[in-house]
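Observations on chain architecture
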Amino acid sequence: MPTFRTGRVTELISERTGLQRVRVNLGLDETARAYVLVDLTGPVALGDEVVCNTTAVELSLGTGGWHVVHWNLSRREFQRNGPDHIMKLRYTSLQVDAGTDELVHPEAADASLDGVPVVACSLHSQMAVVAATIAAMRPEARIAYVMTDGAALPLVMSDLVVGLRSAGVLCGTVTAGHAFGGDLEAVSIASALGLARHVLAADAIVVAMGPGVVGTGTSLGTTSVEVAQILDLARKMGGTPVLAVRASDGDGRTRHQGISHHTETAARLCFARPLVALVPAEAADLPEVEVRDPGDVPDPTETLGAFDLRVTTMGRSIDDDPLFFRAAAAAGALAAGLMVQ
């Protein structure tokens, strides 16, 4: 069950469009960090009394030590007009009219993806490495990011997307399902792929959930199983599905050492027979995939440095987990090579 606590805003830590990060005094000299999704609850100011959802932090879960401002008691009402009638976060107290670009661009619904590579990632951090590698190898490429609703729902929470946009890596974003805040909004992953190709004119599409994958330690009890669906949709819609291998030599959990069970499960569940880069070499043992040599893979340290990107995975840097970054870069290199075939 959720936990809500009331406190007072004592500091504005940072702000960007759609997001405030603040410090809140929750009483008894207890000060905590919280973030405000401005489009859902409106902005806060110093001294405002706010209600915070503290559940995830108290359970030591994936908000990184940040509470969520649920409502600002200093205002009696808040209104932000939406573009249409398509609700996201449906049937919750924060349901919002996000609209949908399927209605604006119906021509994208049934059009082929024209063979463009669609790289399916099981972690948000993989997405940044994949996209940056494609951009480093194909500077002229238009790379779109489709964010699913498997983890964080507001795209504004992603510091990596901000960095990728600032560096000119991404041509645009599409948020699918209950995820919201992209340049384009989509009801489903399928329509998001069509919008990325035919509205954003993407030459390559990288698909991943936002920050905060959910996992139970079991093979199917994780939101990363969505990768199988993404790969199948990409194949059926005329794209070229590429499975980004999650691999690690720095994760202490046995199930993620070497090739993660997330990747093995996705390969087993999908019908698409996706392409997989041969990094690490154990990728050749994955079931129902087509292994390809990605060729010369750019050094991910140099690639991320060139775009001024700081990427970590589960708190680990590239020095802590080099295999993770090499495998993601190999998926990007494979996708970049497919673009010229």
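Before any of the text, the structure's been laid out above.
Notes on the structure follow. Every value quoted in this text rests on a predicted model; they were computed, and no experiment measured them. Each chain carries its own residue numbering, running from 1 in the direction its sequence is written. Restriction of local features to residues with pLDDT of at least 70 applies here, the model being predicted, together with a cutoff of 80 or more for giving and counting side-chain atom pairs; totals for whole chains, interfaces and linings are based on all residues. Water and hydrogen atoms play no part in the side-chain values, which are based on all heavy atoms of the structure.

1. Comments concerning the overall build of the protein chain
Elements are defined by DSSP. Helices are runs of H or I of four residues or more, strands are runs of E of two residues or more, and each kind is numbered from the N terminus. When you go through the protein chain residue by residue, the secondary structure sums to 10 helices and 17 strands. The globule rule used here is 2.2 Å times the number of residues to the 0.38 power, and the radius of gyration it is set against is calculated over C-alpha atoms. Against the globule reference of 20 Å for 341 residues, the protein chain gives a C-alpha radius of gyration of 20 Å, in line with a compact fold. Principal-axis analysis of the C-alpha atoms gives the protein chain an extent of 60 × 45 × 35 Å. Only protein chains enter the accessibility calculation, which uses a 1.4 Å probe; a residue is then buried when its area is under 20% of its type maximum, exposed when over 50%, and partly exposed in between. Buried positions account for 51% of the 341 residues belonging to the protein chain. The criterion used for residue contact is that any of the two residues' heavy atoms lie within 4.5 Å. Residue pairs in contact within the protein chain that sit at least 24 positions apart in sequence constitute 65% of those at least 6 positions apart. Areas reported here follow the Shrake-Rupley algorithm with a probe of radius 1.4 Å; residue values treat only the protein chains shown as occluding. Total accessible area on the protein chain is roughly 14900 Å²; 51% of this is exposed by carbon and sulfur atoms. Lys and Arg are tallied as positive, Asp and Glu as negative. Neither His nor the chain termini are counted. Working definition for charges: the position is that of NZ of Lys, CZ of Arg, CG of Asp or CD of Glu. Positive and negative side-chain charges of the protein chain, numbering 26 and 39 respectively, have mean locations separated by a distance of 3 Å.

2. Here we look at the sheet that holds strand 2 (residues 19-25)
Pairing within the closed barrel is mixed, and its five strands lie in the order 1-2-3-5-4. Across the sheet, the axes of successive neighbouring strands diverge by a mean angle of 55 degrees, strand direction being ignored. Sheet analysis places strand 3 (residues 31-37) next to strand 5 (residues 66-72), joined by three bridges and oriented parallel. Across the sheet, Ala34 pairs through a bridge with His67, a residue of strand 5. Note on pairing: DSSP must find at least two bridges between two strands before they are called paired. Angular values range over 0 to 180 degrees, each being the angle between N-to-C directions of two axes fitted as lines to C-alpha atoms, with helices fitted over their stretch in contact.

3. As for the state of the cysteines
Two cysteine sulfur atoms make up a disulfide if the distance between them is within 2.5 Å. Using the criterion set out here, one finds zero disulfides in the structure. With no disulfide of its own, Cys171 lies closest to Cys121 among cysteine sulfurs, the gap being 16 Å. With no disulfide of its own, Cys270 has Cys121 as its nearest cysteine by sulfur position, at a separation of 14 Å.

4. Notes on the environment of Asp29
Inspection of the secondary structure puts Asp29 in the loop between strand 2 and strand 3. In sequence terms Asp29 and Gly332 are 303 residues apart; their C-alpha atoms lie 48 Å from each other.

5. So, the side chain of Gln126
With respect to the element layout, Gln126 can be found in helix 4 (residues 124-137). Polar contacts, as used here, are pairs of N or O atoms within 3.5 Å; protein pairs need one atom able to donate a hydrogen and one able to accept it. Residues neighboring in sequence count only if both atoms are side-chain atoms. There is a polar contact of 3.5 Å between the side chain of Gln126 and the backbone oxygen of Ala244. Reaching out from Gln126, the side chain makes a polar contact with the backbone oxygen of Val245 at a distance of 3.2 Å. Once residues within four sequence positions are removed from consideration, Gln126 is found in contact with Cys121, Ala244, Val245, Arg246, Phe324 and Ala328.

6. Comments concerning the pairing of strand 13 (residues 240-243)
Burial of strand 13 is two-sided: the residues Thr240 and Val242 facing one way and the residues Pro241 and Leu243 facing the other way are all buried. Where strand 8 (residues 117-120) lies against strand 13, four bridges are found, and the strand directions are parallel. Residue pairing across strands places Pro117 opposite Thr240, the latter belonging to strand 13.

7. Some remarks on the nonpolar core
Among the nonpolar cores identified, the biggest contains 43 residues, and Val119, Val130, Ile143, Tyr145, Val169, Val206 and Val311 are the most heavily contacted of them. Among the elements of the structure, helix 4, strand 9 (143-148), helix 5 (159-166), strand 12 (204-209), strand 16 (275-277) and helix 10 (322-338) are those that each provide at least two residues to this core. With nine residues, helix 10 is the single largest residue contributor to this core. Among residues more than four places away in sequence, those in contact with Val119 are Val130, Ile205, Val206, Val207, Val242, Ala244, Ala331 and Ala335. Working definition of a nonpolar core: buried Ala, Val, Leu, Ile, Met, Phe, Trp, Tyr and Cys residues. They are joined through side-chain atoms within 4.5 Å. The next biggest cluster of nonpolar side chains, apart from the first, holds 40 residues, and it includes Leu195, Ile230, Ala267 and Val276.

8. So, the pairing of strand 8
The alternating pattern of strand 8 places Pro117 and Val119 and Val118 and Ala120 on opposite faces, both of which are buried. Pairing analysis gives three bridges linking strand 8 to strand 12, with the strands arranged parallel. By the bridge assignment, Val119 is partnered in strand 12 with Val206.

9. Some thoughts on the packing of helix 4 against helix 5
Packing of helix 4 against helix 5 brings their axes to within 10 Å, and their N-to-C directions diverge by 10 degrees. When the axis of helix 4 is compared with that of helix 5, the two are roughly parallel. Residues His124, Ser125, Met127 and Ala128 of helix 4 touch helix 5, and the partners they reach there are Leu160, Val161 and Leu164. Ten residues, namely Ala, Val, Leu, Ile, Met, Phe, Trp, Tyr, Cys and Pro, are considered nonpolar, four, namely Asp, Glu, Lys and Arg, are considered charged, and the remaining ones, Gly among them, are considered polar. Classifying every residue of the contact of helix 4 with helix 5 gives five nonpolar, two polar and no charged. Here the angle decides the label: under 35 degrees means roughly parallel, over 145 means roughly antiparallel, 65 to 115 means roughly perpendicular, and every other value means oblique.

10. So, the packing of aromatic side chains
Aromatic pairing here means that ring centres of Phe, Tyr or Trp (its six-membered ring) are within 6.5 Å. Orientation follows from the plane angle: under 30 degrees is stacked, over 60 is edge-to-face, and everything else is tilted. One pass over the structure, following the stated rule, counts one aromatic pair. A centroid spacing of 5.4 Å and a plane angle of 75 degrees characterise the contact between Phe324 and Phe325, whose relative ring orientation is edge-to-face. The exposure class assigned to Phe325 is buried, which follows from its relative accessible area of 0%. Charge-over-ring contacts are defined here by two conditions on Lys NZ or Arg CZ: a distance within 6 Å of the ring centre and an angle within 35 degrees of the ring normal. Over the aromatic face of Trp66 sits the side chain of Arg21, whose NZ or CZ is 5.6 Å from the ring centroid.

By themselves, these observations are geometric and do not establish any function.
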